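Residues per chain, in single letters:
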Number of protein chains: 2
Amino acid sequence: MRIGELSRRTGVSPRALRYYEEQGLLTPARRPSGYREYEERDVTTVRRVQVLLSAGLGTSVIAEIVPCADDPDVVLAGRCPELLDGLAQERARITAAIDDLAAARDILDSLVGRPL
Amino acid sequence: MRIGELSRRTGVSPRALRYYEEQGLLTPARRPSGYREYEERDVTTVRRVQVLLSAGLGTSVIAEIVPCADDPDVVLAGRCPELLDGLAQERARITAAIDDLAAARDILDSLVGRPL
DNA sequence: CTTGACTCTCACGTCAACGTGAATGTCTAG
DNA sequence: CTAGACATTCACGTTGACGTGAGAGTCAAG
């Protein structure tokens, strides 16, 4: 499929999809015309990328993750052992971020007079 | 106290403190020399600002909140009724952000093979 | 009086994930 | 064959919360 269809099916702008390629998150084939040709699995990849981005992961980190999880069935992990450390760190970062948000929400609540 | 001490006591850079003033989050007095003179309560204010910033609130929103909570004892809320709506929205935003982060964390876990 | 730490005000630089044209080429339906 | 939708590659613009000098004034200590 071409970039427009992938864009519609994922809700991600063509510009963003080209940006993902520039960052190494996607590597679509090219037609003789230069048009990008995407695969079905790229739909899944793009969705996964979106979630990870919203989690605050940078494109460089995601670029390391994506190829390790290229088989959606096996979904496994031990494939890229050297990533486990980094992923654990990211997980900790996310947990910390959640805690921070909860703390900020508590502050808002106290400002509004809602008891903790 | 001057900007350096406030910086040390809050862990916030002088540049950031000047930025906060520019955004209306702080309004320190000035010495004849032009030096900023901060009060004790500014330490608390800065810390609160930090938490709210980390929660994703913009400086303009915080600028509206800070003066309404200037009395840390009264901590009350109804003082600025017109803010309640906005704050409720922000609260919802924070809650949504927490949910997103939790979802992303679950995805990371599934990638690592950890069961949900 | 001078040194050094501290402060001041511009004002441009940074980073991330794109948005937004501009100029041009490709494809497909009538 | 031609119009229109869709694609390409630059390349600069955006947003927020600051970082980073530059050039100059201030202040306490020796």
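Just above sits the structure.
Residues numbered from 1 in each chain as written. Chains lettered and ligands numbered in written order. Predicted model: local features only at pLDDT ≥ 70, side-chain atom pairs only at ≥ 80, totals over all residues. Heavy atoms only, no water.

## Here we look at the packing of helix 1 (residues 3-10) of chain B against helix 2 (residues 14-22) of chain B
Residues and elements named next belong to chain B. Where helix 1 contacts helix 2, the two axes come as close as 9 Å, and the packing angle between them is 105°. Considered as vectors, helix 1 and helix 2 are oriented roughly perpendicular to each other. In contact with Ile3, Leu6 and Ser7 of helix 1, helix 2 contributes Pro14, Leu17 and Arg18. Here the residues of the contact of helix 1 with helix 2 are counted per class, giving four nonpolar, one polar and one charged. (Axes fitted to C-alpha atoms, helices over the stretch in contact; angles between N-to-C directions. Helix = DSSP H or I, 4+ residues; strand = E, 2+ residues; numbered from the N terminus. Parallel < 35°, antiparallel > 145°, perpendicular 65-115°, else oblique. Contact = heavy atoms within 4.5 Å. Nonpolar A, V, L, I, M, F, W, Y, C, P; charged D, E, K, R; others polar.)

## Here's the deal with the interface of chain B and chain A
Many structure descriptions define interface size as the accessible area lost when the parts assemble. On the side of chain A, 33 residues touch chain B, which itself brings 30 residues to the contact. Taking both partners together, chain B and chain A bury about 2,800 Å²; carbon and sulfur atoms supply 78% of that area. At the boundary of chain B with chain A, the tally comes to two salt bridges. In this structure, A:Asp109 and B:Arg91 form a salt bridge, with 2.5 Å as the shortest nitrogen-oxygen distance. Taken together, the connections running from chain B to chain A amount to four residue pairs in polar contact (both at pLDDT 80 or more). If you list the elements that add at least two residues to the side of chain B that touches chain A, you get helix 3 (41-54) and helix 5 (84-112) of chain B. (Buried area = accessible area lost by both parts, 1.4 Å probe. Salt bridge = Lys/Arg side-chain N within 4 Å of Asp/Glu carboxyl O. Polar contact = N/O pair within 3.5 Å; in protein donor to acceptor, adjacent residues only side chain to side chain.)

## A short note on the protein's contact with DNA strand C
Every one of the 20 residues lining DNA strand C counts as a neighbour, but A:Ser13, A:Tyr35, B:Gly4, B:Arg18 and B:Arg36 are closest to it. Close to the protein, within 4 Å, the atoms of DNA strand C are drawn from sugar and phosphate at a rate of 66%. A distance of 3.3 Å separates a phosphate oxygen of DNA strand C from a polar atom in the side chain of A:Ser33. Elements with a contribution of two residues or more to the surface near DNA strand C: helix 2 (14-22) of chain A together with helix 1 and helix 2 of chain B. With four residues, the top contributor of residues to the surface near DNA strand C is helix 2 of chain A. (Near = heavy atom within 4 Å.)

## Section: the packing of helix 3 (residues 41-54) of chain A against helix 5 of chain B
A pair of packed helices is characterised by two quantities: the angle between their axes and the separation of those axes. Two numbers describe how helix 3 of chain A lies on helix 5 of chain B: the axes approach to 8 Å, and their chain directions differ by 125°. Taken together, the axes of helix 3 of chain A and helix 5 of chain B lie oblique to each other. The handedness of the crossing between helix 3 of chain A and helix 5 of chain B is left-handed. Contacts between helix 3 of chain A and helix 5 of chain B involve A:Arg48, A:Val51, A:Leu52 and A:Ser54 from the first element and B:Leu101, B:Ala104, B:Ile107, B:Leu108 and B:Leu111 from the second. Across the contact of helix 3 of chain A with helix 5 of chain B, the residue classes tally to seven nonpolar, one polar and one charged. (Left-handed = near helix turned anticlockwise from the far one by under 90°.)

## Some points on helix 3 of chain A
Here helix 3 of chain A contains 14 residues, and its C-alpha end-to-end distance of 20 Å stays within 8% of the 20 Å for a straight helix at 1.5 Å per residue. Those residues of helix 3 of chain A that are buried are in contact with helix 1 (3-10), helix 2 and helix 4 (59-65) of chain A together with helix 5 of chain B. Backbone geometry just after helix 3 of chain A places A:Gly56 at a positive phi near 95°. (Expected span 1.5 Å × (residues − 1).)

## Things to note about the protein's contact with DNA strand D
The immediate surroundings of DNA strand D are formed by 20 residues, with A:Gly4, A:Arg18, A:Arg36, B:Ser13 and B:Tyr35 found nearest. The sugar-phosphate share of atoms of DNA strand D within 4 Å of the protein amounts to 66%. Here a phosphate oxygen of DNA strand D and a side-chain polar atom of B:Tyr20 are 2.9 Å apart. Put simply, the parts of the chain that give the surface near DNA strand D at least two residues each are helix 1 and helix 2 of chain A together with helix 2 of chain B. In terms of residues, the surface near DNA strand D owes the most to one element, helix 2 of chain B, which gives four residues. Residues that form the surface near DNA strand D fall into these classes: eight nonpolar, six polar and six charged.

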